[in-house]
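Letter by letter, the chains look like this.
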Amino acid sequence: MKKIGMKSVGQSIRKIDGMAIATGKPVYTEDIAMNNALVVKILRSPHAFAKINSIDLSRAEKVEGVECILTYKDVPAERFTLAGQSYPEPSPYDRLILDKIVRYVGDEVAIIAAVDERTALLAMKKIKVDYEVWEPVLDFEKALGNSTVVHPEEDLSCNFDIGLHKEKNIASSFKEVVGDVEEEFRRCYEVVEDVYYPQAQAHAMMETYRAYTYLDHTGRLVVVSSTQIPFHVRRQLARALQIPSSKVRVIKPRIGGGFGGKQTSAVEGFAAIVTLKTGKPAIIIYDRKETFSCTTSRHAMRLKVKLGADQDGIIRAIDMQVLSDTGAYGEHAATVLGCVGHYTLPLYNKARAVRITGNAVYTNKMPAGAFRGYGATQGTFALESTVNKLAERLKMDPTEVRLKNISKEGETFLTGQGVLLGSSSLDRCIEKGKELIGWKEKFPRREIGQNKVRAVGMAITMQGSGIANIGTASVEIRLNDDGNFTLLSGATDMGHGCDTILTQMAAEILEIPMDNIIFVAGDTDTSPYDPGSYASSTTYVAGTATVKAAKDLKNKILEQGAKLLGVSLHEAELNGLAVRTINGDQEISLVKLAELTILGAGKLQLTSYATHGSEVSPPPYVAGFAEVEVDQETGKVELIDYVAVVDCGTVINPNLARMQAEGGIAQGIGMALYEEVHYNDLGKMETNSFMQYKIPCRKDVGKVHIAFEESFEPTGPFGAKSIGEVVANTPSPAIAHAVYNAVGVRVKHLPITPEKVFLGMQKL
Amino acid sequence: MQINVTINDKLVTWDVKKDEFLVDTLRSHGLLSVKKACDTSCCGLCTVWLEDKPVLSCSILSLRIHGKKITTIEGVPKEAEEFARVLTAEGAEQCGFCSPGFIMNVLAMKNELLNPSEEEIIHYLTGNLCRCTGYMGQLRAVKTYLGVL
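Residues numbered from 1 in each chain as written. Chains lettered and ligands numbered in written order. Predicted model: local features only at pLDDT ≥ 70, side-chain atom pairs only at ≥ 80, totals over all residues. Heavy atoms only, no water.

## A look at the domain arrangement of chain A
Assigned domains of chain A: these are domain 1 (18-26 + 467-613), domain 2 (33-134 + 203-293) and domain 3 (137-201 + 297-421). In this structure, domain 1 of chain A and domain 3 of chain A have C-alpha centres spaced 42 Å apart. (Domains from an automatic or database assignment.)

Shown next as structure tokens:
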């Protein structure tokens, strides 16, 4: 897949930090923390819903080595959200650092800081809390209008109307209707409907949540955090702690995975308030149990989908009703809810009427938050499963139904208000996927003996590339005094490789080796603004900013080079680390040029900057195909093969793109077959370790094949779109489809466990 | 309590607590490649060698390594780099947090199995979880490294 004529872009270049992180160099948050930092631990609520009557710290504070213990009486009274979103955030300000009311099992009650972990845990045991226990609401289908109100407080607020009705436990609601849906359904030849329950899923990144904090030489608060959103953390902390944001610096080192989890600030505030109160460095590291049970998960949802099609199989009406469980706090409630339709409905633009309504409700469980796919994952499972059902009713091949109905490059869609869809090779993705999985031979099923049957299934999906008109990224590039370059970005590499991708792009434009670029990012004191790594933004948005800045700097270098060579601008070109005349007669190296411009007489350091935000968010696409083997005696599903054909526009780095795709598919396989965040009747999470919560191991993923069908997106850098999230969406509907084709059981409540398949086969 | 132990070919005497696990002892002595990620012996990130065999350092009391030999990735820099070059050329380190433990197990497998089949490789490494890569790239890298394409 090497790009002709390009040296960096399109090449499978090793990640610039790859060797250091692979060989265990100390580059993650905990590795670089100070040894003398106070250890911060959190006392948590054992109740799903309660009011704290009193907290007795007298015995705990006497433990030698305890530095401070903080309760709700010690924190600012200004509510905030932990959602990593651009200001003004569309999430309710419904949190305090510590609150008098605790809203789920695991909600924070007290912050303990001590000289070491042992001492902090000993002190924690000696804290006595008197609770007034309240009746929780745990079932999200019963939350709406329940007599239990999760947020009774008066001071909860929103930046603007997101459809919040806290007295009804509604964190957010919306309705979008285009055309006359009922009338269109009446005209349809075939109408199908069903109800789906995609489950809460845990991010399960390998590096758990962690941050350490200290005051610098000017007394400012420095927060080193494993976060996807340094700039949002700075703003949130300033509000939560009621200090000026100029007094906060957030640094992101290497990150051990995020998947959206670290787009919600789980831990920073607890360490920060300890440092502010004591003046001492502090570190907080969540263990795996806290990471599972006291942070965020994917939103569990109920989706009712109704589809109508004409005799030719053209989808004419779509109705979706969404109920989303946002848990105890409303981080990302409105936006994830909105994305359910936003990232599914544009797929099928021959519909004449569309209606989507939704509520995100508060319950007394761990909050939901951002998770790779961000509502599209849940929406794709429901909509694609219904399209597969429609195809069967119409007695049509499900791939043919897609090819007949999908939106094409440059078209509009009903709910899009005239916005044009960007580049698309989705039709080619479907054709290629059919070929790679062997659809013609394998669809729908084959008996293979010994009570086992093999079958195939499929689904398609889309996502966005950044957030149109909201997400912006800034980049600065300068020519240094030694002829090398420094590229400053706010982008947040969490392992996926955007530091490398952006360097590749700058190197391509400046026509220099990547080694001549120093990439600096992830520090709010020195980085230009970037919202962070989320919403599939970095390649598309920060990438375009990088291209713009690099082009600008290239022009400035050429101008100076031409001047120094005494030729006109159009006679000069940049290559081989020098400005040369096109006829090859003269050249000036970048080292010399830098010397003459920056040092001594020149007095001009060449720098460039660019801020980019896109008015559109061109969708990447995936066509996913699953082959499963189902044991008819036990209901066990084994994934044999998974094919995902991806249109992410131009592939900037084939290796890193493939890895994103393979990893996203594996996470989707986990959601389809194994993973579920589960609570007991009292609201305590039962799946709080890898013993109870199974993520796929290398025996569980079968064989995953990735192929790329490139399109060229004119608004993207080098024609690129996004890839990070779209790859997580197809496994659930495609595997569910394959299981149905194998044994006739439609599992609508994820994950697809052997028990559900077996009971379905027995019609139980 | 004091233990005498050979860490990466160097004999040291360390003070450890009775209930201290090896992963914490190693990290507290600056061997920061050893990562901790699950608390339940499930993830493989803390893999080190005890007498040249891979073990989970989160599940071994430090007292029990008295008189024994421990190797972390810091102790096999040449071999680790050799495989890491293959792994990163595939892009299969991704976030890198699980890589040191994974590499220790790959190197142990290389010492233990001659020309392993794909099934044997997957079986040997199955205790090393990774949430980023989906395992395919790691498998390609291991096969390239072992020359068992």
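Having seen the model, we can carry on.
## A look at the pairing of strand β26 (residues 637-647) of chain A
Residue and element names in this part refer to chain A. In terms of burial, β26 is largely enclosed, as 10 of its 11 residues are buried. Counting the residues that bridge the hairpin from strand β25 (residues 621-631) to β26 gives 5 residues, and of these G635 lies at a positive phi of roughly 80°. Relative to strand β27 (residues 703-708), β26 runs parallel, the two sharing 6 bridges. Following the sheet pairing, D641 is matched in β27 by K703. After leaving β26, the chain enters helix α16 (residues 654-673) and then returns to the sheet as β27, a path that is right-handed. (Buried < 20%, exposed > 50% of the residue type's maximum accessible area, 1.4 Å probe, protein only. Helix = DSSP H or I, 4+ residues; strand = E, 2+ residues; numbered from the N terminus. Pairing = 2+ DSSP bridges. Right-handed = clockwise from strand over helix to strand, strands pointing away.)

## Some thoughts on the environment of G330 of chain A
All names here are of chain A. Along the chain, G330 falls in the loop between β14 (315-327) and α8 (333-342). Judged by its relative accessible area of 0%, G330 is buried. Considered as a pair, G330 and D94 are 236 residues apart in the sequence and their alpha carbons are 7.1 Å apart. Those residues in contact with G330 that lie beyond four places of it in its chain are S91, P92, D94 and Y362. (Contact = heavy atoms within 4.5 Å.)

## Let's talk about the interface of chain B and chain A
Tallying the contact residues gives 50 residues for chain B and 56 residues for chain A. For the pair chain B and chain A, the two sides together bury roughly 4,100 Å², of which 57% comes from carbon and sulfur. Connecting chain B to chain A are 7 salt bridges. R140 of chain B serves as the salt-bridge partner of E662 of chain A, at 2.9 Å between the closest nitrogen and oxygen. Our enumeration of links across chain B and chain A arrives at 22 residue pairs in polar contact (both at pLDDT 80 or more). Mapped by element, the contributors of at least two residues to the side of chain B that touches chain A are α2 (77-89), α3 (99-112), α4 (118-125) and α5 (136-146) of chain B. With 6 residues, α2 of chain B is the largest single contributor of residues to the side of chain B that touches chain A. In terms of residue class, the side of chain B that touches chain A is made up of 22 nonpolar, 14 polar and 14 charged. (Buried area = accessible area lost by both parts, 1.4 Å probe. Salt bridge = Lys/Arg side-chain N within 4 Å of Asp/Glu carboxyl O. Polar contact = N/O pair within 3.5 Å; in protein donor to acceptor, adjacent residues only side chain to side chain. Nonpolar A, V, L, I, M, F, W, Y, C, P; charged D, E, K, R; others polar.)

## So, the packing of α4 of chain B against α5 of chain B
Residue and element names in this part refer to chain B. Closest axis-to-axis distance for the α4/α5 pair is 11 Å, and the angle between their directions is 115°. The element α4 and its partner α5 pack so that their crossing is right-handed. Only L139, V142, K143 and L146 of α5 make contact with α4, whose side of the interface consists of E118, I121, I122 and L125. Each residue belonging to the contact of α4 with α5 can be placed in one class, and the counts come to 6 nonpolar, no polar and 2 charged. (Axes fitted to C-alpha atoms, helices over the stretch in contact; angles between N-to-C directions. Left-handed = near helix turned anticlockwise from the far one by under 90°.)

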